[in-house]
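What the coordinates show
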Amino acid sequence: MKNIVVFGGAGISAESGLKTFRAADGLWEEHRLEDVATPGAWQRDQDMVLRFYNERRRTVVTAQPNAAHLALAALDQHANVQIITQNIDDLHERAGSKNVLHLHGEIMLARSSIDETLLYDTHGKDIQSGDFCEKRSQLRPHVVWFGEAVPLFEPAAALVERADIFLVVGTSLAVYPAASLLQFVRPDAEKYIVTLDLAETPRRDFVWLKEKASTGVPALVAEWINPPFD
Ligand code: NAD
């Protein structure tokens with residue numbers, strides 16, 4: 001079976017009702033990123049950061065996987081599929097995908113603010129000020145903020161190197177180091193991008209399908225599952 005690696009971002013969940021953050025105004029849900037998604041924001045105003053992510057978690061809980069998530073989950077029956085997502089939502093898992101690596105963390109998990117190995121399932125509930133880990137430190141969302149290290153980058157790069165087919169979906173490729181995963185794709189791999197627009201022109205060895213994830217991804221998956229007769 002072929003190794004298919006999918007590298008995704010906020011655009012794949014846009015049609016499930018979750019806003020991307022590089023949309024028209026450069027704000028994420030009416031907030032400047034540095035006010036809500038940085039270690040500095042956490043130091044300045046924990047309550048505001050908790051409130052922001054609690055709201056994001058509530059929207060994720062009510063969102064449903066769309067045709068793109070579902071098509072990728074169905075592909076598991078036909079290939080070794082590895083999803084590497086920058087998204088913190090759980091829509092790939094709820095669509096049924098087996099192998100999902102969350103490069104930037106998971107909104108459904110809470111983590112200790114002094115020991116990053118201590119993770120707790122929120123079960124979709126809010127994290128409150130005063131919710132502590134077993135070491136008596138405040139819980140924070142299990143997300144990688146701007147300016148923080150990306151601990152799963154190296155395992156993700158090793159997965160990208162194994163791809164026979166590499167598909168990029170719904171990411172502007174503006175966030176680093178995540179975007180540099182593209183450097184690890186083998187030259188002989190088939191390479192596709194499904195996204196509406198990009199921070200820069202894509203490399204010439206990528207086929208760019210400039211369309212919505214909910215149509216572009218199922219169309220590609222159908223091609224891979226039902227190859228035409230020679
Ligand atoms: P981004 O906001 O920078 O870019 C979104 C990309 O998706 C753009 O290229 C846009 O053209 C494309 N897009 C928008 N709607 C689309 C659609 N229907 N079909 C296909 N493409 C579409 O997002 P990013 O590149 O993922 O990077 C930013 C960061 O945003 C990530 O670190 C992620 O953690 C965070 N984020 C996550 C979520 C989520 O978990 N759902 C939501 C917002 C932001």
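Residues numbered from 1 in each chain as written. Predicted model: local features only at pLDDT ≥ 70, side-chain atom pairs only at ≥ 80, totals over all residues. Heavy atoms only, no water.

1. Here we look at the environment of A219
- For A219, the location among the structural elements is in helix α8 (residues 213–225).
- We classify A219 as partly exposed; its relative accessible area is 43%.
- Along the sequence, A219 and V175 sit 44 residues apart, while their C-alpha atoms lie 27 Å from each other. (Helix = DSSP H or I, 4+ residues; strand = E, 2+ residues; numbered from the N terminus. Buried < 20%, exposed > 50% of the residue type's maximum accessible area, 1.4 Å probe, protein only.)

2. A few points about the nonpolar core
- Ranked by internal contacts, the top residues of the largest apolar core, which has 25 residues, are W28, V49, Y53, I88, I107 and W145.
- Sorting elements by how many residues they give to this core places helix α4 (residues 46–62) first, with five residues.
- Both domains that furnish three or more residues to this core are identified here as domain 1 (1–18 + 65–104 + 151–230) and domain 2 (19–62 + 107–143).
- Residues in contact with W28, not counting those within four places in the same chain, are K19, T20, F21, L33, F52, Y53, R56 and I88. (Core = buried A, V, L, I, M, F, W, Y, C linked by side-chain atoms within 4.5 Å. Domains from an automatic or database assignment. Contact = heavy atoms within 4.5 Å.)

3. A short note on the site of the ligand
- Taken together, 27 residues form the shell around the ligand, and within it Q86, H104, T171, S172 and D197 come nearest.
- With respect to the ligand, the backbone of I88 contributes an N or O atom lying 2.8 Å from an oxygen atom.
- With respect to the ligand, the side chain of D89 contributes an N or O atom lying 2.8 Å from a nitrogen atom.
- For the ligand, the accessible surface in isolation is 850 Å², of which the surrounding protein chains cover 93%.
- The cavity where the ligand resides is the largest pocket. (Near = heavy atom within 4 Å. Polar contact = N/O pair within 3.5 Å; in protein donor to acceptor, adjacent residues only side chain to side chain. Areas by Shrake-Rupley, 256 points an atom, 1.4 Å probe, with all protein chains shown as cover. 1 Å grid on protein atoms, 1.4 Å probe; cavity = no way out; pocket = protein on both sides within 12 Å on 5 of 7 lines; lining within 4 Å. Sits in = over half its atoms within 2 Å of the grid points.)

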